[in-house]
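Chain by chain, the residues run as shown.
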Amino acid sequence: MKKILAIFILLLISLSSAAAFGDEQPQASMYLWRLINEARVYPLRTIGSLGIDEETARLALGDDAWMLDKGLPPLAWNDALFQAATGHNQDMVVQLYYSSTGLDGSSVSDRIAVEGYDAVAAGELLGLMAFPNYMEPLETAEMVFQYWLMDELSIGYQGDRRIFSQDFTELGCSFNAAVLELGEDIPHNVYVAVIDFACPREPRVFLLGNVFQDVNGDGRWNYGEGRPGVGMSFQGVGSGEAGIMDSGVFGAYQVEISGFYCTVSVLDEQGGPALKRMINGVPLGRENSEFSDFSLQ
């Protein structure tokens with residue numbers, strides 16, 4: 001399906017006389033981050049919600065079918081990867097091409113290195129959708145994600161997996177809008193997604209997730225339930241680190257773990273800890289980031 005969409009977009013580009021680069025869609029980018037991590041951390045739940053047959057997914061993954069049972073660690077957000085993804089996104093739209101190889105011959109590894117990211121592994125996902133009429137960015141982002149996932153879990157898939165890969169620990173998501181002018185005053189809205197994945201040479205471990213209000217009572221985060229602006233405190237034991245921040249878009253939060261323990265608390269209106277979570281840190285053997293949502297009652 002992704003290949004069909006790519007051909008469709010390239011046809012539009014070949015017919016177009018001009019393209020105007022639009023604004024970054026930060027909510028859609030953050031939504032893609034959440035969807036990718038849900039697929040990694042809760043794979044069976046995710047494929048079930050999309051109607052992907054479990055047996056087909058297991059056959060597609062082959063020797064890696066264990067990922068469906070055990071899941072994979074979440075991918076932390078990285079601003080350098082976001083900048084590299086955004087730059088490539090803009091370059092493709094302005095110069096009218098669609099490839100992970102830039103017109104200057106640059107690879108994703110080259111582009112993230114320019115942003116100061118020292119990687120031992122890197123990869124990229126591209127997505128494009130076009131509509132004669134306006135579609136909501138979040139709705140489109142979810143459609144792009146579903147195509148990616150179905151593609152990776154299709155029997156006979158020949159590409160390198162990105163969502164279900166053990167090679168990466170961090171990502172940066174860019175989701176942007178552009179308008180292709182096809183003549184006769186007919187604009188075509190185009191959404192372009194670029195996800196840059198990487199693993200840094202110096203390992204980093206994070207605790208990340210979302211703060212949400214469990215409106216429907218199913219015990220898990222759903223779109224529309226995220227709570228941005230909720231106060232959170234982070235206290236590192238053994239590293240001396242401490243800090244307070246507010247949850248971001250969709251209630252997202254992320255904190256790096258470096259000490260023996262890290263205590264993460266969601267604060268009530270009086271500034272006291274309403275919910276608390278403690279995890280072991282890097283000196284105690286932690287090697288992977290952890291995904292932890294906080295449900296407000």
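Residues numbered from 1 in each chain as written. Predicted model: local features only at pLDDT ≥ 70, side-chain atom pairs only at ≥ 80, totals over all residues. Heavy atoms only, no water.

Undergrad: I'm lost on the overall build of the protein in this one. Help?
TA: Tallying secondary structure elements over the protein gives 8 helices and 13 strands in all. Counting every position in the protein, which comprises 297 residues, the buried fraction comes to 50%. Contacts spanning at least 24 positions in sequence make up 69% of the contacts within the protein whose residues lie at least 6 apart. Carbon and sulfur atoms make up 51% of the accessible area of the protein, which totals about 13,800 Å². (Helix = DSSP H or I, 4+ residues; strand = E, 2+ residues; numbered from the N terminus. Buried < 20%, exposed > 50% of the residue type's maximum accessible area, 1.4 Å probe, protein only. Contact = heavy atoms within 4.5 Å. Areas by Shrake-Rupley, 256 points an atom, 1.4 Å probe, with all protein chains shown as cover.)

Undergrad: Sorry, what's going on with a nonpolar patch on the surface here?
TA: Among the surface-exposed residues, V237, F260, Y261, M278 and L284 lie close enough to one another that they form a single nonpolar patch of about 450 Å² accessible area. Topologically, M278 is positioned in strand β11 (residues 273-280). (Patch = residues over 30% accessible without salt bridge, like charges linked within 9 Å, V, L, I, M, F, W, Y side chains within 5 Å. Salt bridge = Lys/Arg side-chain N within 4 Å of Asp/Glu carboxyl O.)

Undergrad: Teacher, can you tell me more about the packing of aromatic side chains here?
TA: The final tally for this structure, using the stated rule, is 11 aromatic pairs. Ring plane angle 20° and centroid distance 5.5 Å describe the contact between F175 and Y191, whose orientation is recorded as stacked. In this pair, F175 is assigned in strand β4 (residues 170-181) and Y191 in strand β5 (residues 187-200), connecting sequence segments 16 residues apart. Classification of F175 by relative accessible area gives buried; the value is 0%. A residue is classified by how much of its surface remains accessible, and Y191, at 3% relative accessible area, is buried. Over the aromatic face of Y42 sits the side chain of R45, whose NZ or CZ is 4.1 Å from the ring centroid. (Phe/Tyr/Trp six-rings, centres within 6.5 Å; stacked < 30°, edge-to-face > 60°. Lys NZ or Arg CZ within 6 Å of the ring centre and 35° of its normal.)

Undergrad: Can you help me understand the packing of helix α2 (residues 26-41) against helix α8 (residues 137-152) in this one?
TA: Two packed helices can be described by the angle between their axes and the distance between those axes. Two elements in contact, α2 and α8, have axes whose closest approach is 9 Å; the angle formed by their N-to-C orientations is 35°. Seen along the crossing, α2 lies across α8 with a hand that is right-handed. In this structure, α2 uses Q27, A28, Y31, L32, L35, I36 and A39 to contact α8, whose residues at the interface are P137, L138, A141, E142, F145, W148 and L149. (Axes fitted to C-alpha atoms, helices over the stretch in contact; angles between N-to-C directions. Left-handed = near helix turned anticlockwise from the far one by under 90°.)

Undergrad: I would appreciate a short explanation of the pattern of salt bridges in the present structure.
TA: Between side chains of opposite charge, pairing is possible as soon as their charged atoms come close. All told, the structure shown has 10 salt bridges when counted by the stated rule. We note a salt bridge from E124 to R111, for which the minimum N-O separation is 3.0 Å. Of this pair, E124 sits in strand β3 (residues 119-131) while R111 sits in helix α7 (residues 108-114); the two residues are 13 residues apart in sequence, bridging distant segments of the chain. Assessed through its relative accessible area of 7%, E124 is described here as buried. Note on R111: relative accessible area 10%, which makes it buried. With a closest N to O distance of 3.7 Å, D218 and R220 form a salt bridge. Through salt bridges with shared partners, one network takes in R34, E38 and D293.

Undergrad: Is there a simple way to think about helix α4 (residues 54-61) in this case?
TA: Side chains that are three or four residues apart share a direction in an α-helix, a result of its 3.6 residues per turn. Taken residue by residue, α4 has A57, A60 and L61 as its buried positions. Buried residues of α4 fall within an arc of 90° about the axis and therefore sit on the same side. Buried residues belonging to α4 abut α3 (43-49), α5 (66-70) and α8. Near the N-terminus of α4, the side chain that reaches the backbone nitrogen of E55, with its oxygen 3.3 Å away, is that of D53. Of the residues trailing α4, G62 is marked for its positive phi of about 60°. (Arc of directions from axis to C-beta. Polar contact = N/O pair within 3.5 Å; in protein donor to acceptor, adjacent residues only side chain to side chain.)

Undergrad: How should α8 be read in this particular structure?
TA: Counted at 1.5 Å a residue, the expected span for α8 with its 16 residues is 22 Å, and the 23 Å between its end C-alpha atoms agrees. Among all positions in α8, only P137, L138, T140, A141, V144, F145, Y147, W148, L149, D151 and E152 are buried. (Expected span 1.5 Å × (residues − 1).)

Undergrad: Got a minute to help me understand the nonpolar core in this structure?
TA: Nonpolar side chains tend to gather and get buried jointly when the protein is soluble and globular. Grouped together as the largest cluster of nonpolar side chains are 50 residues, with contacts concentrated most on L32, I163, L171 and I195. Once you skip the residues sitting within four places of it in the chain, L32 turns out to touch A141, F145, W148, C173, F175, A193 and I195. By size, the runner-up hydrophobic cluster in this structure holds 15 residues, among which are V211, F234, V255 and C262. (Core = buried A, V, L, I, M, F, W, Y, C linked by side-chain atoms within 4.5 Å.)

Undergrad: Can you walk me through the pairing of strand β7 (residues 231-237) in this structure?
TA: Working note: regular strand, side chains alternate between the two faces of the sheet. Here β7 lies mainly inside the structure; 5 of its 7 residues are buried. Here β7 runs beside strand β10 (residues 261-267); their pairing, made up of 6 bridges, is antiparallel. Along β10, the bridge assignment pairs G236 with C262. (Pairing = 2+ DSSP bridges.)

Undergrad: Whenever I open this one, unusual backbone geometry confuses me. Can you help?
TA: For residues besides glycine, phi is generally negative; the peptide bonds are generally trans as well. Positioned with a positive phi, L96 is a non-glycine residue whose angle comes to about 60°. For L96, a relative accessible area of 31% gives the class partly exposed. Even without a glycine there, the phi angle at F250 is positive, about 60°. Take F250: it is sitting in the loop between β8 (242-246) and β9 (252-257). According to the relative accessible area criterion, F250 is buried, its value standing at 11%.

These results come straight from atomic positions and should not be treated as a statement about function.
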